[in-house]
Amino acid sequence: MPPKKNPANLNPLQLKTLTLLQEIARLENMPTEGEEGAFVITALPHAHGNHFHLGSAVVSGSDATGLNNGSVWTILERKKMLRQEPGRAVITAEGMAYDTGLRDSILHRSDH
């Protein structure tokens, strides 16, 4: 039997949020000391108009509503994909490795 597409049973908002947190962690590139594969996130992007930028990608504000939703963060913490600490968040190795399948659909990149 093929592996399950969404083994953690994350809902669409949780999947979008995890995708964005993974990209933020890649961009900040701050590995967590003593925790292989985990990354620190120190800041979230700020929208201007109906979108914001993550590196060379543009993200629709409607795809990012989970970044400011405490319930989404709580679920990601329960699933051991994220850990909130004072002044920062840590996306765990499990969170970084989780394939949400959404990276290409919510991170819009220019074709030129």
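We now turn to the structure provided with this report. Because the structure is a prediction, the values reported are computed rather than measured.

### Let's talk about the pattern of salt bridges
And step 1. For the structure shown, the criterion picks out seven salt bridges.
And step 2. For glutamate 85, the salt bridge goes to arginine 88, with nearest N and O atoms at 2.7 Å.

### Here we look at the sheet that holds strand β3 (residues 57-60)
And step 1. A sheet is described by the order of its strands in space; here three strands give the open sequence β2-β3-β6, paired in antiparallel fashion. Of all the strands in the sheet, the pair left with one neighbour each is β2 (51-54) and β6 (108-109).
And step 2. Here β2 pairs with β3 via four bridges, running antiparallel. Bridge assignment links leucine 54 to a residue of β3, and that residue is alanine 57.
And step 3. This element, helix α1 (residues 12-28), spans β2, β3 and β6 of the sheet and lies at about 45 degrees to β2.

### Quick notes on the pairing of β3
And step 1. With burial as the criterion, only one face of β3 is covered, namely that bearing Ala57 and Val59; the residues Val58 and Ser60 on the opposite face remain uncovered.
And step 2. Linking β2 back to β3 in an antiparallel pair, the connection comprises two residues, with glycine 55 at a positive phi of about 60 degrees.
And step 3. With two bridges connecting them, β3 and β6 associate as antiparallel partners. Bridging from a neighbouring strand, valine 58 pairs with histidine 108 of β6.

### Concerning the environment of leucine 20
And step 1. Mapping leucine 20 onto the fold places it in helix α1.
And step 2. For the pair leucine 20 and leucine 44, spaced 24 residues apart in sequence, the C-alpha to C-alpha distance is 9.6 Å.
And step 3. Residues within four places of leucine 20 in sequence aside, it is in contact with Phe52, Leu54, Val59, Asp63, Ala64, Leu67, Ile106 and Leu107.

### Points about the nonpolar core
And step 1. If you look at the biggest cluster of nonpolar residues, it comprises 27 residues, and the most contacted ones within it are Leu10, Leu20, Leu21, Leu76 and Ile91.
And step 2. For this core, the secondary-structure elements that each account for two or more residues are α1, β1 (39-41), β2, β3, α2 (70-78) and β5 (88-91).
And step 3. Broken down by element, the residue count for this core peaks at six residues, all from α1.
And step 4. The contact partners of isoleucine 91, leaving out residues within four places of it in the chain, are Leu18, Leu21, Gln22, Ala25, Ala38, Phe39, Ile41, Met81, Leu82 and Met96.

Analysis parameters
Residues numbered from 1 in each chain as written. Predicted model: local features only at pLDDT ≥ 70, side-chain atom pairs only at ≥ 80, totals over all residues. Heavy atoms only, no water. Salt bridge = Lys/Arg side-chain N within 4 Å of Asp/Glu carboxyl O. Pairing = 2+ DSSP bridges. Helix = DSSP H or I, 4+ residues; strand = E, 2+ residues; numbered from the N terminus. Contact = heavy atoms within 4.5 Å. Axes fitted to C-alpha atoms, helices over the stretch in contact; angles between N-to-C directions. Buried < 20%, exposed > 50% of the residue type's maximum accessible area, 1.4 Å probe, protein only. Core = buried A, V, L, I, M, F, W, Y, C linked by side-chain atoms within 4.5 Å.

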